[in-house]
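# Overview (structure and organization)
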Amino acid sequence: MKIGIACHPTFGGSGAVATELGMQLAQRGHEIHFVSYAQPFRLDRFSERVFFHEVEMEHYPLFEHPPYSLALAVALHDAAAKHDLDLIHVHYAIPHATSAWIAREMLQGAGLPIVTTLHGTDITLVGLHPSFHAITRFSILKSDGITAVSSFLKEQTVRDFGVPADRIEMIPNFVDTEIYRPGREPCHRQSLAPGGEKILMHISNFRPVKRVIDVVEIYARVASRIPARLVMIGDGPDRPLAKERAEELGVADGVVFLGKHASVDELLPCADLFLLPSEQESFGLVALEAMASGAPVVAARVGGIPEVVPHGEAGYLFEIGDTEAMAEGALEIIGDETVWKRFSAAGRQLAIDRFSSERIVPEYERYYESILRAGVSG
Ligand code: GMT
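Residues numbered from 1 in each chain as written. Predicted model: local features only at pLDDT ≥ 70, side-chain atom pairs only at ≥ 80, totals over all residues. Heavy atoms only, no water.

With that out of the way, let us pick up the domain arrangement of the chain. Assigned domains within the chain: domain 1 (2–174 + 357–374) and domain 2 (189–355). For domain 1 and domain 2, the distance between their C-alpha centroids amounts to 30 Å. For the pair domain 1 and domain 2, the summed buried surface comes to about 1500 Å²; carbon and sulfur atoms form 59% of the total. The largest per-residue losses of area from domain 1 upon contact with domain 2 belong to Phe11, Arg42 and Phe152, which jointly make up 36% of the total buried on that side. Viewed at the interface, domain 2 and domain 1 are joined by 1 salt bridge. For the pair domain 1 and domain 2, the interface holds 6 residue pairs in polar contact (both at pLDDT 80 or more). Those elements giving two or more residues to the side of domain 1 that touches domain 2 turn out to be α1 (13–27), α4 (121–124), α6 (151–161) and α14 (357–374). By residue class, the composition of the side of domain 1 that touches domain 2 is 10 nonpolar, 10 polar and 3 charged. (Domains from an automatic or database assignment. Buried area = accessible area lost by both parts, 1.4 Å probe. Salt bridge = Lys/Arg side-chain N within 4 Å of Asp/Glu carboxyl O. Polar contact = N/O pair within 3.5 Å; in protein donor to acceptor, adjacent residues only side chain to side chain. Helix = DSSP H or I, 4+ residues; strand = E, 2+ residues; numbered from the N terminus. Nonpolar A, V, L, I, M, F, W, Y, C, P; charged D, E, K, R; others polar.)

Running from amino to carboxyl end, helix α8 (residues 212–223) crosses helix α9 (residues 239–248) at an angle of 25 degrees, the nearest separation of the two axes being 8 Å. Taken together, the axes of α8 and α9 lie roughly parallel to each other. Seen along the crossing, α8 lies across α9 with a hand that is right-handed. Where α8 abuts α9, its residues Val212, Ile213, Val216 and Glu217 lie against Leu241, Ala242, Arg245 and Ala246. Taken together, the residues of the contact of α8 with α9 break down into 6 nonpolar, no polar and 2 charged. (Axes fitted to C-alpha atoms, helices over the stretch in contact; angles between N-to-C directions. Parallel < 35°, antiparallel > 145°, perpendicular 65-115°, else oblique. Left-handed = near helix turned anticlockwise from the far one by under 90°. Contact = heavy atoms within 4.5 Å.)

Taken together, 7 strands build an open sheet; the order of strands is β3-β2-β1-β4-β5-β6-β7 and the sheet is parallel. Of all strands in the sheet, those bounded by a partner on one side alone are β3 (50–54) and β7 (168–170). Along the sheet, successive strands turn relative to each other by an average axial angle of 25 degrees, direction set aside. Across 4 bridges, the pairing between strand β5 (residues 114–118) and strand β6 (residues 145–148) is parallel. Bridge pairing links Thr117 to Thr147 in β6. Where helix α2 (residues 68–83) meets the sheet, it contacts β1 (2–6), β2 (31–36), β3 and β4 (87–91), and its direction lies at approximately 160 degrees from that of β2. (Pairing = 2+ DSSP bridges.)

As a further point, take the layout of surface pockets. What the largest pocket holds in volume is close to 960 Å³. Top element by residues in the lining of the largest pocket is α1. It accounts for 5 residues. Of the residues belonging to the lining of the largest pocket, the class tally is 20 nonpolar, 19 polar and 5 charged. Taken domain by domain, the lining of the largest pocket gets at least three of its residues from each of domain 1 (2–174 + 357–374) and domain 2 (189–355). (1 Å grid on protein atoms, 1.4 Å probe; cavity = no way out; pocket = protein on both sides within 12 Å on 5 of 7 lines; lining within 4 Å. Points joined across faces, edges and corners; volume = space filled by probe spheres on them.)

For the rest of this paragraph, the subject is the pattern of salt bridges. According to the stated counting rule, one finds 16 salt bridges in the structure shown. The partner of Glu48 in a salt bridge is Arg49, with the nearest N and O atoms 3.8 Å apart. According to the relative accessible area criterion, Glu48 is exposed, its value standing at 55%. For Arg49, a relative accessible area of 34% gives the class partly exposed. For the salt bridge of Asp144 with Arg104, the shortest nitrogen-to-oxygen distance reads 2.8 Å. One end of the pair, Asp144, is in the loop between α5 (133–142) and β6; the other, Arg104, is in helix α3 (residues 93–106), with 40 residues separating them in the sequence. (Buried < 20%, exposed > 50% of the residue type's maximum accessible area, 1.4 Å probe, protein only.)

The structure is reproduced here in structure tokens:
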């Protein structure tokens with residue numbers, strides 16, 4: 001198949017999933033055309049049959065906010081026409097599902113099926129805003145195929161957007177368990193925790209929804225009981241607040257901010273524990289990557305996280321903001337080698353059994369085939 005993929009290129013789960021899916025599909029013989037305003041952050045290696053089309057935008061002084069959605073529609077239309085695409089798969093409904101619909105209209109009945117994958121805040125936050133709700137609903141319903149990354153997200157879409165449940169296919173996110181695995185070399189443990197301290201890790205785009213202050217507070221409680229360091233990867237609006245809180249709590253020396261890293265597969269195997277105390281998480285891809293890398297997870301019991309991290313098996317889940325319980329849970333796991341080994345092995349096994357790319361990527365292929373057989377709904 002020749003597949004066009006539109007996604008946000010910035011650090012974030014939806015762009016990561018879109019890129020990994022495109023690369024895996026290309027390895028399986030498909031031709032993949034990524035379309036975005038910048039190269040997706042994980043599209044950092046050459047792959048046969050993978051192409052990138054940059055959306056070009058004219059910066060005209062009249063526009064305080066250049067109309068990206070229109071430029072993307074044109075880029076999708078041009079890529080579809082020039083490369084004879086069979087299908088367009090957009091990740092994160094806003095604005096991609098709308099741009100894809102415009103592109104399909106512009107092709108005037110040439111028949112370009114659109115698959116929209118719903119990822120998270122396109123449904124639970126941004127899409128709910130009155131300025132986006134109607135167009136998000138319209139564009140989702142105009143898609144020929146709709147997938148959601150968790151059962152939680154599917155239910156939210158049915159409830160808040162009135163999309164019939166039988167129109168949404170739940171296809172969970174996946175992880176390449178050959179790349180995300182324990183014992184990767186070189187190991188950065190020595191430089192991250194030179195005194196042999198336990199390593200707690202957090203990776204995100206430091207938006208308020210990630211509750212990075214909670215991460216620091218959990219760490220401070222843990223570090224008051226056992227030698228530990230906190231490795232913070234990523235960047236975003238709440239990074240200064242997290243730094244400030246670490247200083248207030250007197251634990252700044254134990255916290256290292258590494259900034260943005262695309263290759264988190266090299267760092268996750270160093271973690272003794274992964275922290276994800278988010279306010280909302282439709283899936284929690286990074287928790288899955290941590291589990292595949294052998295790191296147990298302590299997270300908030302929210303959204304789709306319980307579908308990924310079984311409580312008491314691969315980690316512990318607690319109520320949002322309960323940093324005391326999260327710290328206790330963390331100590332229970334990292335304070336006992338036998339318990340840690342059990343959680344670590346269970347998370348890795350789960351990633352292999354339920355969420356490996358070998359298992360999930362063919363689900364997308366089957367879904368594309370069913371959409372192509374059904375034809376464009378319009
Ligand atoms: O929805 C977002 O906040 C953005 C999105 C992204 O692009 O980072 O993240 C969502 O999609 C990921 C991949 O499917 C999920 O693993 C994340 O849980 C989800 N984030 C939220 O729901 C907050």
